[in-house]
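Overview (structure and organization)
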Amino acid sequence: MLSTSLLRLSQKLKKQLSENPLSKSIRDLSNGKSTLQNGIMGRLQGEFSSVPDKGEELPLEDLGAALARGHSGNLGMYSTSLASRAIDGKMPGGFNISCAKAHISKAWGLGP
């Protein structure tokens, strides 16, 4: 969960992953810009079923742990969108995310 959160955060802040230390909070990394913080938290709410209150004040490591507790293990909106774009761009026509999930399930027994 932490990796998805960091990826989303890095993209929104326009920073490399390595520029986001786990000891910092979203508030620290966004330099107190509340609009940016609210946007990041809104995206996290779309990805995860439950986001802690005042999550923007938690260190990223603690935020990741809190997000993992209530996560079902299924891809959220953001992860699904990223995976779909990657598959659509690299795989032959007709092979979409549903085909990829079916293949992964059949070949390795992973997934729902």
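Description of the confidence of the model for the chain
- Looking at the chain, the pLDDT average stands at 85 and 96% of residues meet or exceed 70.
- Within the chain, the lowest mean pLDDT, 76, falls on helix α1 (residues 2–13), and the highest, 91, falls on helix α6 (residues 97–108).

What to know about helix α4 (residues 60–69)
- Restricting attention to buried positions, one finds in α4 the residues Leu60, Leu63, Gly64, Ala66 and Leu67. For α4, the angular spread of the buried residues around the axis is 165°, confining them to a single face.

Re the nonpolar core
- Among the nonpolar cores identified, the biggest contains 13 residues, and Leu9, Ile26, Ile40, Leu44, Leu60 and Leu67 are the most heavily contacted of them.
- Put simply, the parts of the chain that give this core at least two residues each are α1, α2 (26–29), α3 (34–47) and α4.
- Those residues in contact with Leu9, other than ones at most four positions away along the chain, are Asn20, Ile26, Leu29, Ile40 and Leu60.

A short note on the side chain of Ser10
- Structurally, Ser10 is set in helix α1.
- Those residues in contact with Ser10 that lie beyond four places of it in its chain are Lys15, Gln16, Leu17 and Asn20.

A short note on a nonpolar patch on the surface
- On the surface, Ile104, Trp108 and Leu110 cluster together into a nonpolar patch covering about 340 Å² of accessible area.
- Structurally, Trp108 is set in helix α6.
- By relative accessible area, Trp108 is classed as exposed at 59%.

Parameters at a glance
Residues numbered from 1 in each chain as written. Predicted model: local features only at pLDDT ≥ 70, side-chain atom pairs only at ≥ 80, totals over all residues. Heavy atoms only, no water. pLDDT = per-residue confidence, 0-100. Helix = DSSP H or I, 4+ residues; strand = E, 2+ residues; numbered from the N terminus. Buried < 20%, exposed > 50% of the residue type's maximum accessible area, 1.4 Å probe, protein only. Arc of directions from axis to C-beta. Core = buried A, V, L, I, M, F, W, Y, C linked by side-chain atoms within 4.5 Å. Contact = heavy atoms within 4.5 Å. Patch = residues over 30% accessible without salt bridge, like charges linked within 9 Å, V, L, I, M, F, W, Y side chains within 5 Å. Areas by Shrake-Rupley, 256 points an atom, 1.4 Å probe, with all protein chains shown as cover. Salt bridge = Lys/Arg side-chain N within 4 Å of Asp/Glu carboxyl O.

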